[in-house]
Structures are given as structure tokens and as C-alpha cells.
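# Observations on the model geometry
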Amino acid sequence: MSENSARLNTTVAQLAKVGVTDAARMAMRLSEYPAFESQPAFIEELAIAADPNLALLGLFNLLSSVSHQQLQVLASDAGVRARFLIVAGASTALADFIAKHPTALQMLSDEAEWDRPRGRTELVRALLNGLNAKEQNGRWLTPDDSIEIINQMRVLYRRELLGIAIRDLAGAANFETTAAELSWLADAVIEAATAIAWAGINSGQPKSRLAVIAMGKSGGQELNYISDVDVIFVAAPATEAAEDYLSEATKVAARSMQICEEPAGELPIWQVDPNLRPEGKAGALVRSLEGHLAYYQKWAETWEYQALLKARAAAGDADLGNQYVEAVLPYVWEASNRPNFVADVQSMRQRVISNIPAKDLERQLKLGIGGLRDVEFAVQLLQLVHGRTDVMLRSSNTLQALEALANWGYVGREDASTMANVYKFERTLEHRIQIFQMRRTHLVPESETELRRIGRSIGYRADPAKELERELRKHRQDARRLHEKLFYRPLLNSVARLDASEARLSQDAAGARLQALGFVDPETALRHLGSLTQGVSRRAAIQKTLLPVMLQWMAETPSPDLGLLGFKRVSDALGATPWYLRLLRDESVVAERMAKLLSVSRYFTELLLRNPEGVAILAETGDIQPRTYEEILYEMQSVANRQDSASSAVAAIRTVRHRELIRISAASLLNVGDFEKTAFGLSDLTDATVAASLEAVMKHHFNSSQPSLDIAVIALGRWGGRELNFASDADAMFVYEALAENAASDALVVVSTLQQLLLAPGVDPGLELDLDLRPEGKQGAIARSLDSYQKYYARWSLSWESQALLRARVAGGNTDLGNKLISIIDSIRYPENGIDESALREIRRIKARVESERLPRGADPNLHVKLGPGGISDVEWSAQILQLQRAWRVPGLKTVSTEPTLLAAVEAGLIGVSDKQQLLEAWNLASAIRNANLLITGKASDSVPSNPNDLKLLAFVLHYENGSELADTYRKLTRRSRKIMQEIVYGDSH
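Moving on, we get to the overall build of the protein. When its secondary structure is counted, the protein shows 45 helices and twelve strands. The C-alpha atoms of the protein give 38 Å as radius of gyration, which overshoots the globular expectation for 990 residues (30 Å, by more than 25%). Within the protein, buried positions represent 57% of all 990 residues. Considering only intrachain contacts with a sequence separation of at least 6, the fraction spanning at least 24 residues in the protein is 72%. Here the protein has roughly 41,100 Å² of accessible surface; of this, 49% comes from carbon and sulfur atoms.

Structure (C-alpha cells):
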């Protein structure tokens, strides 16, 4: 083997040892530079680079462009070489910049250049002096506005950026210093861009003074390597006589933005984003101070005040900039008094999360759960809540604000320290991701190679990719946990004796925090918290663990007071029951479901208070779903068979029904949007309850003797149509067939007993069987023989009864007997050749009378979901008219339910697909509102609420952004539905 081959093989081995992957090719290229190849220490130096491959490629790229003198410096100065390898191994963008501008090597060689942080004033002067700018009358001016000077500014910017990166990557500066320097360098760039813009205006004596206000991370002096730089422009006249000063200032502002972004010989710097200004993109780019204040006084939204927390005078006229900041900050500290403060902040956070693609949620470092925005939102919300009365919290910097919150007792020191570590870790990771190619991104890479490079740049060496992912996972979990704990743990410390090292708020501060989080009555809330957590019992200890996270979930609803009260009442009812608190502690899904349900539903809360063991239902995995008819009936029959009387049997059946109502109400509230499942669940539950109870009453009435009759129950109305909601009665008819002489009297006793036992007072909600749709209504017998029904319908049946019978189906008792009655009914409800014109006129007359007479006095017809225009009644009558007219020849219309009727009407060509869709959308929303009204208030209501708080809660439950959106959507859908109903019920085409 030749000496050259041996040397090459040695180099290959050495390169492979330090982590160079394509060692053979790299060794061949390195042999072209003997000054490096001949130094054994050089290859070992590559190990300090985050990615030795990138570092070596960056070096080769640089060596092809440097002068002989610069090459000698690189070859002989180990310090310069090491600093270059550190930069090139982490950032191809900066390595490319050095290769294009080798004079930047001076930044690596001169210790005075790279080894100390630069202050804001120094950075500004370095950039502007490099452009030969002069300071005149409080503003900088460059010689001209040209491509050459713009390129010169960009080179100077990247030189300074290189110095910041070296200190950062080499560990000579911490995150706080790096972020501050990046912010100050942004100030310098904006100052320089504004100076160039002023030079371009060249209008003699300026008419205006212009200040640039840094916002966002730049304003907080915690900027990224590459980010949009948020700004607001404010102007004032240069003299009292100055006219049209805003026009001049706008030209300067617009030009300064272009100078940072427009194409030139050197790469753009970053985008200047002025969209946090009043009215956003639609607003004027530059306003006077008075114009800004007028907007903030009248029109600004909560998020705009929150954004102003970061406002800082960054460039331009310093006096004007400081006046602006001083003038707007009072609005920031009064923001928490706004009526919708909490809802606005929460909805803003939710919108941010909802806009992230699901596939990116775990990789999103900025906006994902447990990411940077969680930390920033937590700190800012605490600042806005308590900074109103405590000036020590008024910092625009996240870490400084967090430290102040800990110093002054608003969060625990340990929690604040952990949250600060989360923030510094995630921001450092964000820096390492962005510095690679100087691209604006917040996504954690998936590639093993990229993760390894980033991990090594942070300092991991054993298994950099896995160590990085493990640490990120841990910090995300800490962020999620502390996001809850920072808000709620100090509240508990205010009312219970917890760890002395944790924050304990004064009563006023605790009340302010609760009020800002949505509690209307903070004093009562604090009493409830005290009652739940006082003492040293095991129960109190578990509550202290549970409540921080449960309060968070309650505060995400519009009525956290209701949730906390409900939780206290349920906890009091279950007392020392060992499984209850253990279940909440060990099954977080149960605690979350319970907190949210108790906060929105008085109906659910009352059900739970009357049967607290129903909490166990919330532990079911997956979505909570109604049980099947067969499952419920079997259980009801089993419990009834163990009883020795009809009353105790029906009571046991009602206990099962009570528990299933808890399940169905929870399912309805947690899985909003599926009205059909709720309706089917309630209908199946009513079927099983009535069937099992009828069976039990028959059994105990006849005891061991031979029954004198067979009996069946026919469901009608919404029950018959399997469209029950929580506010519905169970419309029914009973038919019997005599087996002995006293059948009629026995039928009367059985049905009366069944009605009484199902509605008897008890801990559970009773079930009312409404028999008013039977032949002859309230004057008729409550149970009739099959023969009596046949004679009545043959001779006396009215048109409205034909319509009511459209929903008749067998729901319990003797199925064969029930089906015999259904066959009799079919000829009445599906008349051959359809109903005649006189019957149709009578139905139309009845509908008009119902609308005019039954609508409650004072109710807004347009918001009455049952009888109002386009509501439930309109849709159901439309479907029923189609059945009465056409079911005799369209078999698909022979159904008891509204939706299948409309689907069959589309298939038969009776209505269009669009008409069907619009009718069902209105019907589903109206039905969902009717259901939700009862679930929320515990009382039946058929109107969209007029009370703003009730409407807000209804909108929340139905997943609308606010009450106005819900009401507007309802009006829009029902207007269309009404028009279609009028065509079907009153038109000539059908």
C-alpha cells in the first residue's frame, strides 16, 4: 500500500470516528487541502460540530472563495476554525454567508467582535455608522436610498447576526441574552431602514415625526432568529404648522418595510408585519397618537389589548414612541375588566389550536398543546388579571414577568422555575430549528438526521435524537400541567393550608383571578373551595389535587360558578364514599367530563345529585353512548322480577331509567351534533320502561290467576316517531283483547296503575303517559278493545286523528295484538287516493289555529323552535302532509319518523334534495335547541333564549362561537324551511 493510500485510509477512519457519514468521499476532498489534512487535531475538532458533515461541507465551500491569507488564518488559528465549525455544523445559511463574504471571518477571529454581548445602542450605532448615516434633529439619515446601500445594510445585519449565533452556539450567551440581542438587532435594522427611507423622500424639512413601536416577541425583547417582526407606526407633525404629515410618514413607513423585504443582491432580512395596528390590514398604516387612542377607547378587542402588553418604542422618534407606549398601557391593565375578557382570551387560544392541522399538533412547537403559546398565554393572562393593581407585574418580557409573578406571590417559585425552564428549552429548540436555513418555522423535524443535529447543538451526545425527543416530551407535559396549576393552585392556597413554599393569594387577588376566569361570584366560589379543601382528611387531600385541573375545565365553560357549586353538592352527597374521589383522581376523563357537564347542565346535576353513583357512567371508555333497548329491557325485567309488589317493581325499573337518563344526557352534551342518537336513546329507554312496567303491573295485578286480557301500548307523537327529546311527554294509546268477562275493568285498573306508578313522586324524574290522542280524547276510555278501535275509526275518525296516527307503533305489551291495531290504523293514516281536499283544508285550518293560539304570549315567533315559522311543527307537518297525500302509492312514506319520510319523498320525486336538506337542518337545530334548553336550565323551553347569558351558554353547548351566531343561523335556516313548508302544505303542486 502506498504512503498516500495509507494516509487516505487513516483519514477515512478518523472522519468516520467523529461522525462523518460519507467518510471516503470527504477524505478525498480533504486531501485537496494539505494544510488541514496534515493537522491531526483538525479532524478531532469536527466532533464539536452539531453535524460534522455540514461543518466539513461548509469549510470546503469557504476554502474555495477565501484569499491565501484568510486560508492561512483558518489553517493556523484553532480558535477561528473551531468557531467556524460550530456555526457551519448548525447553520448552512450562515456558512453560506461567510463563504460569500469571507471578510466576516474577522468576526470569528477578533475576540472583541464575537465574545461579548452587544447592547442595543451599540448594535444600532454599528449598523448606522457602517452605512455612513448621520444623526440630524433626532433622526438618522443615510447618504441615499439605493440598492447598494440596502445590500450594505443586509451584509452588516448578517455580520452582527453571525456574532450573536457564535455566542449562542458556543454557549457564551444564554437564551435570554441571545433573544434580547436579536430584538435589539431588529431595532437597528428598522432604524437603518427608516433612515434609508427618509433619505429617499428627500423633501427638505420633514413635515412629520415617525416612531416605530415593536410588538410581539420583538417588543418583549425575546425575538427569534427568523420571524416576522411585528410593528405599529405612529406619527406626529414635526411643527405646529405642518400639513399632510401623515401622508409623508406613511410613505416613509411603507418604504422602510420594502427595504427589509424587497429583492436585492443580498437576501431579504425578514418581513415587517404591521397587522397588529388598529383595524389590522384594513386600517391605516400610520396613525397619529390621537387616532390610536380613539380606536383603543372605542373599538379595540381584548386580543388587541393583550398584544399591546408587548409594546415598546423601537426606532424612529424616541420621544413620540415613548409617549405612545405610556398612553396605551393603561388600556392593557384595564382589559381584564371587560365583560367578555375571559371568553375572548379562551376563544382566541382555541382558534389558534383549531387552525393547526391534526398531523402537526405534536410537532408544532409554537402553537401546539404544551408549546410556547401555552406558556405565553398563561403568563400574559396572569399579568392582565393582577397587573391592574400590581405595577410590579408590568413587564413585556415573558421570563421577567414570570419571575415577578413568583417574587410577588402570584405563582409558586418552583412552578415558575419549571415553567421558565420549559420556555427557555422550547425557545432554544426553536432557535436551533430556525438557524439551520434561516427559515421561519416552528415545526420540530421528523428526520433522525435533523433531530440528531439539533440535539447535538443543544448539548446532547449519547443519543442526541432520542434525548431531544424525551426532553421535549417532558417539557410539553410540564407546560400542560403548569398551565393549569399556575392559575388554580394559588387559589387553593388562599383557602386551604398547602405547601408553604407555594404561592398564596390575598382574598382580593384570588377574587380578581376567579372573576377574570369567568366566575361571576368569586366570594362564593372561594367559600366552596374552602369547604372542599379544608382539613387534613384524605378527602380534602384528594380534592386539593383534583381541583386545580377541574377548575381549569370549569373555567373553559361560560358558567364555572354552576360547575363548582354542582361539584361541591355532588361531593357532599357522596361524602366519604371511597371510590368516588379515587375515580376522579385516577381517571382524568371522568373528572373532565364531570367538570364540564356540571358547568353547563342543571338537569344533569340534579340527576346526579339524586343518584350520585351515576358518576361511574362517566368512566366508560370512548364516547358515552345510549344503551340498546334489549340491554335496558333485560335489566329492567331482572330488577322487577326480584320485587314483591307492582309499586316496588316499577320503582326499581325507574331507578334503572334514572341511571340511563344520566348516561343519555351526558352523551347528548358531550357528543353534541348527533340529535338522532339522543332521540333514539330516549325513545328506546321509554319503550323499555313502559314495556317492563306494564309487564310488572300485569303480573302483580293478576298475581297467580289467569289474566283476563291481553294488552298492548301504542306509542304516538314524538315517542311513536322515535324522536323524543328531554322535554317530551310520552303520547300513548292502550288496546286490549278480552280473555274473560271482566277484561274492561281490569284494563282500566292496569293502565291507571301504570300511569300512577310511572309518575309517582320519587328521587327520579317521573314519566308521564299522555293519553289525550286516544279516541274521543280526554272524554274517551283510557283503554279500548280492538273491536272498539275498529268501529271508532270506521265511523268517527277526524282528519287530525289520521295525522296523529302517522306516528303510531307498538311499544310494549302483546306485540301481536298491537300489530292488529296497527293494521287497522294503516287504512286511516294512509287513505287510498290520499286525503281529500276538505280534509286537507281542515288540517291547514288546525295548523293556522295552533300557530295563533298556542304560541305563548310575548314569545318571539321567529325564535320559537316548536311553533314558530320554519320550526319543528312546520317541518313535521310538511312530512305528514306528504304522507297523507302520497303514502298510499309510495311505500317508502309509510314510516313513523320525520327524516325517513323526507328521504322517501326525495326518492319519489315529491321534493328536491335541497328542500329536504334545508328542512332537516332547521328541524335538527330546532330539536337540538329544545333539548339543550332543558338540559341547561332543568326546565322545558321552546324558544331561543333572549337572555344574553342563557343564549351564550346555549351557544357553547351547541358548539357555536357565540349567541349571535346561533340566533342568526337559526333564523336563516327557519326562513328557508318556512318557505318550503308553505309550498308543500299550502301550494298546488303537491
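A surface patch of nonpolar side chains, amounting to about 330 Å² of accessible area, comprises Val391, Met392 and Trp408. Tracing the backbone shows tryptophan 408 in the loop between α21 (398-407) and α22 (413-435).

Across all of its chains, the model carries 52 salt bridges by this definition. A salt bridge links glutamate 660 to arginine 627; its shortest N-O distance comes to 3.0 Å. With a gap of 33 residues between them, glutamate 660 in helix α33 (residues 646-670) and arginine 627 in the loop between α31 (602-610) and α32 (629-641) connect regions that are remote in the sequence. Between aspartate 764 and arginine 654 there is a salt bridge, with its nearest N and O atoms 2.8 Å apart. On the criterion of sequence distance, the pair formed by aspartate 764 in the loop between α36 (743-759) and β10 (769-770) and arginine 654 in helix α33 is long-range, its members being 110 residues apart.

With that settled, consider the nonpolar core. Core analysis: the largest hydrophobic core is formed by 210 residues, its most contacted members being Tyr296, Tyr324, Met550, Phe567, Met594 and Trp719. Broken down by element, this core gets its largest block of residues, 13 residues, from helix α34 (residues 675-702). Among the nonpolar cores identified, the runner-up in size contains 93 residues, and Leu108, Ile196, Tyr245 and Val286 belong to it.

Next up on the list: α36. Taking 1.5 Å of rise per residue, 17 residues should cover 24 Å, and α36 covers 24 Å from first to last C-alpha, within 8% of that figure. Residues Ala743, Asp746, Ala747, Val750, Val751, Leu754, Leu757 and Leu758 constitute the buried set of α36. Projected down its long axis, α36 shows its buried positions confined to an angular sector of 135°, all on one face. In this structure, the buried residues of α36 make contact with α33, α34, β8 (709-715), β9 (730-738) and β10.

Applying the stated criterion across every chain yields a total of twelve aromatic pairs. Centroid distance tyrosine 296 to tyrosine 305: 6.4 Å. Interplanar angle 45°. Geometry classified as tilted. Both residues of the pair, tyrosine 296 and tyrosine 305, belong to the buried class. Look at tyrosine 296 and tyrosine 331: their rings are 6.4 Å apart centre to centre, the planes differ by 40°, and that puts the pair in the tilted class. Residue tyrosine 296 is found in helix α16 (residues 289-298), and its partner tyrosine 331 is found in helix α18 (residues 318-334); the two are separated by 35 residues along the sequence. The pair formed by tyrosine 296 and tyrosine 331 is uniform in burial state, with each residue classed as buried. An aromatic cluster is present here, built from Tyr295, Tyr296, Tyr305 and Tyr331 joined pairwise through their rings. Sitting over the ring of phenylalanine 680, arginine 722 keeps its end group 4.5 Å from the ring centre.

A word on unusual backbone geometry. In the Ramachandran plot, glutamine 221 falls in the positive-phi region, its phi being about 55° despite a non-glycine side chain. Structurally, glutamine 221 can be placed in the loop between α14 (216-219) and β4 (229-237). Relative accessible area serves as the criterion here: at 26%, glutamine 221 is assigned to the partly exposed category. Of note, arginine 722 is a non-glycine position whose phi angle comes to about 55°, a positive value.

As a further point, take the environment of asparagine 641. With respect to the helices, strands and loops of the structure, asparagine 641 is situated in helix α32. Looking at asparagine 641, the relative accessible area reads 47%, which means it is partly exposed. For the pair formed by asparagine 641 and alanine 692, sequence separation is 51 residues and the distance between their alpha carbons is 9.9 Å.

Calculation notes
- Residues numbered from 1 in each chain as written.
- Predicted model: local features only at pLDDT ≥ 70, side-chain atom pairs only at ≥ 80, totals over all residues.
- Heavy atoms only, no water.
- Helix = DSSP H or I, 4+ residues; strand = E, 2+ residues; numbered from the N terminus.
- Rg over C-alpha atoms; globule rule 2.2 N^0.38 Å.
- Buried < 20%, exposed > 50% of the residue type's maximum accessible area, 1.4 Å probe, protein only.
- Contact = heavy atoms within 4.5 Å.
- Areas by Shrake-Rupley, 256 points an atom, 1.4 Å probe, with all protein chains shown as cover.
- Patch = residues over 30% accessible without salt bridge, like charges linked within 9 Å, V, L, I, M, F, W, Y side chains within 5 Å.
- Salt bridge = Lys/Arg side-chain N within 4 Å of Asp/Glu carboxyl O.
- Core = buried A, V, L, I, M, F, W, Y, C linked by side-chain atoms within 4.5 Å.
- Expected span 1.5 Å × (residues − 1).
- Arc of directions from axis to C-beta.
- Phe/Tyr/Trp six-rings, centres within 6.5 Å; stacked < 30°, edge-to-face > 60°.
- Lys NZ or Arg CZ within 6 Å of the ring centre and 35° of its normal.

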